[in-house]
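Per-entry structural report
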Amino acid sequence: MRLFLAVAADAEVKASAAAVVARLRQAPGDYRWVDPRDMHVTLRFYGETPESELPKIESLMREVAAKMAPFEIGYGPLGVFDAWEDIRVVWVGVDAGAELLSQLADKLGRSEPRPYNPHLTLGRRRRAIDPTAFQCALRDEPPMRLQRPVNKLSLYASKPASFGHTYEILSEAELAG
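Calculation notes
Residues numbered from 1 in each chain as written. Predicted model: local features only at pLDDT ≥ 70, side-chain atom pairs only at ≥ 80, totals over all residues. Heavy atoms only, no water. Phe/Tyr/Trp six-rings, centres within 6.5 Å; stacked < 30°, edge-to-face > 60°. Helix = DSSP H or I, 4+ residues; strand = E, 2+ residues; numbered from the N terminus. Buried < 20%, exposed > 50% of the residue type's maximum accessible area, 1.4 Å probe, protein only. Expected span 1.5 Å × (residues − 1). Arc of directions from axis to C-beta. 1 Å grid on protein atoms, 1.4 Å probe; cavity = no way out; pocket = protein on both sides within 12 Å on 5 of 7 lines; lining within 4 Å. Points joined across faces, edges and corners; volume = space filled by probe spheres on them. Salt bridge = Lys/Arg side-chain N within 4 Å of Asp/Glu carboxyl O.

It is worth spelling out the packing of aromatic side chains at this point. In the structure shown here, the tally under the stated rule is seven aromatic pairs. Between Phe4 and Tyr156 the ring centres are 4.8 Å apart and the planes differ by 5°, which places this aromatic pair in the stacked class. With Phe4 in strand β1 (residues 2-8) and Tyr156 in strand β8 (residues 152-161), this pair connects stretches of sequence that are 152 residues apart. Across the pair, exposure class does not vary: Phe4 and Tyr156 are buried alike.

Right under this line is the structure:
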């Protein structure tokens, strides 16, 4: 099973992100948009993991959550991966609280070579087209400007589906530090 640890987006964030996606769908581009029900901020991606590893991962999640106090994050402007000239992924950035999310990711054992960039993925490109009109739509989109509490960690399983992946929360741990 494909596993990852994340902070689930709450109903208000999902609704705001869904409104952004609805506007971006009107712009020229070929993107697969994330279902708002699945939106989250990834802290650590495990990838394919044997089911026998679940207890170890859940134990780490509970241990880290017990030592970390709840905090707030702020969702802000849109951003992209790879570059504005070659938009592969569209996301909403986290500005306020990003350092605390980074600390949390480190405590959970995140070990990717790229610097941690907390974000809420909105869509992934299916095929490349001239990005000019889509870039304009992204730049015209106002920042989300939502402050939301982070009070628990979620362990997700990612399952293949005909339209991409579906996500299931397997377990959660309340921040209690």
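Right, let's talk about helix α2 (residues 54-67) for a bit. Over its 14 residues, α2 runs 20 Å from end to end, which matches the ideal 20 Å to within 8%, given 1.5 Å per residue. Restricting attention to buried positions, one finds in α2 the residues Leu54, Ile57, Glu58, Met61, Val64 and Ala65. One face of α2 carries all of its buried residues, which in axial projection span an arc of 130°. In α2, the exposed positions that point more than 90 degrees away from the buried face belong to Pro55, Lys56 and Lys67.

Approximately 1000 Å³ is the volume attributed to the largest pocket. Along its surface, the largest pocket is lined by 30 residues, and His40, Thr42, His119, Thr121 and Arg124 are the ones closest to its centre. Elements with a contribution of two residues or more to the lining of the largest pocket: β1, β2 (31-33), β3 (40-48), β5 (86-94), β6 (119-125) and β9 (164-174). No other element matches the five residues that β3 contributes to the lining of the largest pocket.

So, about the pattern of salt bridges. A complete count under the given rule lists 15 salt bridges for this structure. The residue Glu53 makes a salt bridge to Lys56 at a minimum N-O spacing of 3.8 Å. Notably, a salt bridge pairs Arg110 with Glu112, separated by 3.6 Å at the nearest N-O pair. Arg110 gets classed as buried once you look at its relative accessible area, which sits at 16%.

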